[in-house]
Amino acid sequence: MRIVAADRAEVDRLVDLGVDLAEYNKQLDNGIEVHAVLSPAESDALRAMGFNVQDKILDQTDYAENIAERNEAIQVAQAAAAAQDTLTVLRAEWFTSLDGNRFLSFEVKSSAVDAATVITASWDTGVNTAPGSGGTATLSRFTDAGQYMYHRFTNPLPLTAATPDRVVFTSNKGGTVKASVTQWLGKKNPEPSESYVSDFVDHYMDPTEIMARLTALHQEFPKITQLIDLPNKTNGYRRKAQAQFGTVAQSTFYVTSKAWGHEGGNDITMSLVNQGGNNLPLDVLVSGKNVVVSLATNGSGAVTSTAAQVVNAINNKPEAAALLKADLYRGNAGTGVVATAGSTKLTDYLKAPASVSRDPFQNKVLRIGRAKDGTRTGVFIYCQEHAREWVTPITCLETAERLLRNYAQDTKTQNLVNGLDIFIMPVVNPDGAHYSMYDYNSQRRNMTNHCAASASDPGNRNGWGVDLNRNFTVGTVFDGYNGASTSCTSDTFAGPAMLSEPEAKNEVWLVNEFPNIKFAMNTHSYGGYFMWPPGAYKTAGREVLPRVDLGTENYFWDASSKILSAVQSWRGTAIWPGRTGPVTDVLYSAAGNSADEHWYKRGIIGWDFEVGADIYNKATGRYTAVGFQPAFAEGHEEAMEFSSGQIAILDVAKKFGADKSAPTSELLVKAKDAGLTKFTFKVNEAANIYYTLDGSTPTTSSLKLASAGYREGAEQITIHAKTTVKWFAVDIAGNAEAVQVRELNVPKS
Ligand SMILES: [Zn+2]
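Residues numbered from 1 in each chain as written. Predicted model: local features only at pLDDT ≥ 70, side-chain atom pairs only at ≥ 80, totals over all residues. Heavy atoms only, no water.

> Explain the pattern of salt bridges to me, using residue names and the numbers behind them.
Within the structure shown, the criterion is met by 30 salt bridges. For the salt bridge of Arg 91 with Glu 93, the shortest nitrogen-to-oxygen distance reads 2.8 Å. Across the pair, exposure class does not vary: Arg 91 and Glu 93 are buried alike. Here Glu 220 ties to Arg 405 by a salt bridge, and the two come within 2.8 Å at their closest N and O atoms. Taken together, the positions of Glu 220 in helix H4 (residues 207-220) and Arg 405 in helix H7 (residues 391-405) put the pair 185 residues apart, joining distant regions of the chain. (Salt bridge = Lys/Arg side-chain N within 4 Å of Asp/Glu carboxyl O. Buried < 20%, exposed > 50% of the residue type's maximum accessible area, 1.4 Å probe, protein only. Helix = DSSP H or I, 4+ residues; strand = E, 2+ residues; numbered from the N terminus.)

Structural data, given as structure tokens:
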């Protein structure tokens, strides 16, 4: 009960009376508020003694409510703990890879999303063998951006016993589910004809060499090629010349030439001298391209000029400022006295031979096709957005050469070249690629420095540039998506704005200029992935860009099988099922990437390859990553196998263009129970189903059959009363089936 005592003496009286006071004491205008634990009788007794006993703070009713609330919470938790989880098998597959090794790959989702859920797989040794006779293993819980995705093997599990037929998954929450183990890939691609030729690259090539080869190919095959000059020249393989003076931050500064290094910047020299004498002023003397800073001295002839003073003196001397600009080191105030320095030549640090032009780079696309008039399905195959991924440009080049050099004698190649409009861009990022080959092999971005002076000192020169695969306009860091940076020295720097870079503008120009482009393949390195949109999410709540619809998703999976079997046909490499799927499911979020740009802006089916699958070593039982720049023997194999994959994409595109037949679908009743019927649809090819449940005629604006969840099959639709279902299917090429009708009954409840 709340008691207001007139003063401290009255509180003391309560204490003397043995009243059970709470540890609470609040000064009021008219006294002191204290709280006492009192029975109704005790309250009345105190009031009779003249105490101001007011209202209750808490009483037995509150206690009862608290206890009820507590019991309810405990019951809910116990019920949740006792509830058996439901397991959904996303994928259960085996496959062979390099050297015929066999592997298992499982993906299972539990309805219990918490970290305490453990799922175990147990498989047999073939048809009608004992369950579990093949082996047992625990799956790993896969989470991304703090969200539970599913359980899987982190790496495919090497298979030692016979290939299994069935697998049983068991959760420690009680859920259990069985599945057939199917083969992933392994479909034998038709052997190329006897006369089919391949293997046209014998070393890693820089962009200058690649352009020369594209030009030569165009000259050799003028009828079936066109060489397209992209409209946006790059900034160029060039840098301003720089020199830095000082060893500790407060006395360090650096200078940057106004001219590019190769256009005179590299000829500038600078020295910091003590002229010898007392009380000399700071002065800057310029003779031709030689800048001499005469440092100030004190009464005993010692140098007194600070870095900040020298920077000001240089920048305020017009003859010096015409040649270069001085800046303090990484934002330091520059209060330290500078050290003298002899004549120091500025340099752009660039090491490529003179045969690599320092001018803005004229990038080119080789267009291959007989018609080249926009009437054929267009396919855009592009490589080396990221400079250090040296295998990728030779993959694109190999694809171009295979198409051209087999055209005369191979009918399959003729079908592709005659039936398609193929655009091959082997090097999206030529400046960065030159820099990666000659200066800094880990260069990922282009060479353009967007940093302020505080991050533009020469020690940062390997940290500049824009990640071109983050510079596009969909799901960008500027819109809050994850996986790109606004820091100018980050390796995923998205640029100062969307499409700020000429290299990204060139990609967009091409797909806008040729609206017949319906497929795109963005080739990267490494890890062995085959991916498609969505490729970005906002981390908060893992809000993913809209997933593709079920028909398109199924189309992607069907195409995967064809394309990845082609990759496998070269030397046996299997891209893992767990590295196949939407970027956000299997890799990470990459805000502002180009595949999302093509898909969400233009409906272009935008795929991504990561060449360079991990290699399994049977002796050690380990997987080894191949890296960005493996020895050429390995890089060559990667280029060959992924060129086969790129050509399989052309097959897919050709089929798409030739598909004039409508899909056929059927309605499948999945379950009937008291008061409800569940059904779904099945189609003979990847297609979307549009349906109505009210008897009206469906259109493409009607309900669309959705996926039950990512990496799952079609949803089931539940009805609770007799229903007329009307539906039709539309395939990815746009062919529509006639409307179908079915009456569905619901069992009485
Ligand atoms: Zn890359």
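> Could you give me a rundown of the coordination of the zinc ion, with the residues and numbers involved?
Protein-derived coordination of the zinc ion comes from His 386 (ND1), Glu 389 (OE), Glu 389 (OE) and His 524 (ND1), at a distance range of 2.0 to 2.5 Å. Coordination at the zinc ion is irregular: its four donor atoms span angles of 56 to 145° at the metal. The class of His 524 is buried, set by a relative accessible area of 3%. (Donors = N, O, S within 2.8 Å, 3.2 Å for Na, K, Ca; no water. Tetrahedral: all angles 85-135°; square planar, octahedral: opposite > 155°, others 65-115°.)

> Let's hear about the sheet that holds strand E35 (residues 676-683): which residues, and what values?
Sheet strands pair via backbone hydrogen bonds, and the direction of the pair is either parallel or antiparallel. The strand order across the open sheet formed by three strands is E34-E35-E38, and the pairing between neighbours is antiparallel. Every other strand in the sheet has two partners, leaving strand E34 (665-673) and strand E38 (717-719) as the edge strands with one partner each. Pairs of neighbouring strands in the sheet enclose a mean axial angle of 30°, with direction left out of account. Inspection of the sheet shows E34 paired to E35 by eight bridges, in the antiparallel sense. Counterpart to Leu 668 in the pairing with E35 is Thr 680. (Pairing = 2+ DSSP bridges. Axes fitted to C-alpha atoms, helices over the stretch in contact; angles between N-to-C directions.)

> I'd like a description of helix H9 (residues 430-438), backed by residues and values.
Here H9 lies mainly inside the structure; seven of its nine residues are buried. All of the buried residues along H9 are Pro 430, Asp 431, Gly 432, Ala 433, His 434, Tyr 435 and Ser 436.

> So what about the packing of helix H10 (residues 502-513) against helix H13 (residues 594-602)? Which residues, and what values?
For the pair H10 and H13, interaxial distance at closest approach is 11 Å and the crossing angle is 30°. Taken together, the axes of H10 and H13 lie roughly parallel to each other. When you trace H10 past H13, the crossing you get is right-handed. Residues Glu 507, Val 508, Val 511 and Asn 512 of H10 lie in contact with H13, whose contacting residues are Ser 594, Glu 597, His 598 and Arg 602. Considered class by class, the residues forming the contact of H10 with H13 number two nonpolar, three polar and three charged. (Parallel < 35°, antiparallel > 145°, perpendicular 65-115°, else oblique. Left-handed = near helix turned anticlockwise from the far one by under 90°. Contact = heavy atoms within 4.5 Å. Nonpolar A, V, L, I, M, F, W, Y, C, P; charged D, E, K, R; others polar.)

> So what's going on with the packing of aromatic side chains? Which residues, and what values?
Here the structure, examined in full by the defined rule, presents 32 aromatic pairs. For the pair Phe 423 and Phe 514, a centre-to-centre distance of 4.6 Å together with 35° between the ring planes defines the contact as tilted. With Phe 423 in strand E25 (residues 420-425) and Phe 514 in the loop between H10 and strand E26 (517-527), the pair connects residues that are 91 residues apart, well separated along the chain. For the pair formed by Phe 423 and Phe 514, the shared burial category is buried. Connected via pairs of aromatic rings, a cluster forms that spans Trp 184, Phe 519, Phe 530, Trp 532, Phe 556, Trp 557, Trp 599, Trp 607, Phe 609, Phe 642 and Phe 656. (Phe/Tyr/Trp six-rings, centres within 6.5 Å; stacked < 30°, edge-to-face > 60°.)

> If you had to explain the nonpolar core to someone new, which residues and values would you point to?
Counting 71 residues, the largest nonpolar core has Ile 368, Phe 519, Tyr 555, Ile 563, Trp 607, Phe 609 and Leu 650 as its most contacted members. Ile 368 has contacts with Ile 224, Thr 225, Ala 400, Leu 403, Leu 404, Val 417, Leu 420, Asp 421, Ile 422 and Ile 424, leaving out every residue within four places of it along the chain. Counting 25 residues, the second largest nonpolar core, distinct from the first, contains Phe 253, Ala 313, Ala 326 and Ala 341. (Core = buried A, V, L, I, M, F, W, Y, C linked by side-chain atoms within 4.5 Å.)

> Explain the pairing of strand E3 (residues 31-37) residue by residue, including any values.
Counted residue by residue, E3 has six buried out of seven residues, so it is predominantly covered. By the bridge criterion, four bridges tie strand E1 (residues 2-5) to E3 in an arrangement that is antiparallel. The residue of E3 that forms the bridge with Arg 2 is His 35. Where strand E2 (residues 20-28) and E3 come together, six bridges link them in antiparallel fashion. Note on E3: the bridge partner recorded for Lys 26 is Glu 33. The turn joining E2 and E3, which pair antiparallel and follow one another in sequence, is formed by two residues.

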